[in-house]
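Chain by chain, the residues:
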Amino acid sequence: QVQLVESGGGLVQPGGSLILSCVASGTISEIYTMSWYRQAPEKQIELVATIADTGTTNYEDSVKGRFTISRDNAKHTLYLQMNRLKLEDTAIYYCKAVLMTTGRRVGNYWGQGTQVTVSS
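Reading the values: rules and limits
- Residues numbered from 1 in each chain as written.
- Predicted model: local features only at pLDDT ≥ 70, side-chain atom pairs only at ≥ 80, totals over all residues.
- Heavy atoms only, no water.
- Pairing = 2+ DSSP bridges.
- Helix = DSSP H or I, 4+ residues; strand = E, 2+ residues; numbered from the N terminus.
- Axes fitted to C-alpha atoms, helices over the stretch in contact; angles between N-to-C directions.
- Phe/Tyr/Trp six-rings, centres within 6.5 Å; stacked < 30°, edge-to-face > 60°.
- Buried < 20%, exposed > 50% of the residue type's maximum accessible area, 1.4 Å probe, protein only.

**Q** What should I look at first to understand the sheet that holds strand β1 (residues 2–7) in this one?
**A** Strands sit in the order β1-β3-β8-β7 across an open sheet of 4 strands; the sheet is antiparallel. In this open sheet, the two edge strands, each paired with only one partner strand, are β1 and β7 (67–72). Strand-to-strand twist in this sheet, taken as the mean axis angle between neighbours without regard to direction, amounts to 15°. Inspection of the sheet shows strand β3 (residues 18–26) paired to strand β8 (residues 77–82) by 6 bridges, in the antiparallel sense. Bridging across to β8, cysteine 22 finds its partner in leucine 78.

**Q** Looking at this structure, I do not really get the packing of aromatic side chains. What am I missing?
**A** Aromatic ring pairs are defined here through the distance separating the ring centres and the angle between the ring planes. The tally for this structure, following the rule as stated, stands at 1 aromatic pair. Between the aromatic rings of tyrosine 37 and tryptophan 110, the centroid separation amounts to 4.8 Å while the plane-to-plane angle is 50°, which identifies the pairing as tilted. Here tryptophan 110 lies in strand β10 (residues 106–110) and tyrosine 37 lies in strand β4 (residues 28–39), a separation of 73 residues in the sequence. Take tyrosine 37: its relative accessible area is 15%, and that puts it in the buried class. Relative accessible area serves as the criterion here: at 41%, tryptophan 110 is assigned to the partly exposed category.

Here you go:
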C-alpha cells in the first residue's frame, strides 16, 4: 500500500510564509510527477504546481514568483514553499503523486490534505 501524508499547514497572516511537506511511503518503486493542488471553500480543486522526476516545474499563474515546488527523491518527499501569502491562498492543499508500486502498477495517489488559512 501507498500513503501520502501532508504537513505544514496552519494559520498565517497576509504576506507571511509557510512550507508544506508531503511524504510518500509504502510499496513504492518509482515516483514520477508530483503535484500540489488546492481547494478553496465552494470552489473547484485547482492545480497549484507540478514537478517532474526530471525537476521540471510548472506553476499556476497566480502563484508564480511566490510559491516554489521542490522534491527530495531519496526521501520521497515533496515540498511547497509559499511566500507572500494572500487571503485568496486560503484552501486545503493536497499533494498528488504519479508513481509505480513494487507490484509494477502505475497510478495516481493523493494525500489527505492540509489546511492553509491566510487571515489577519
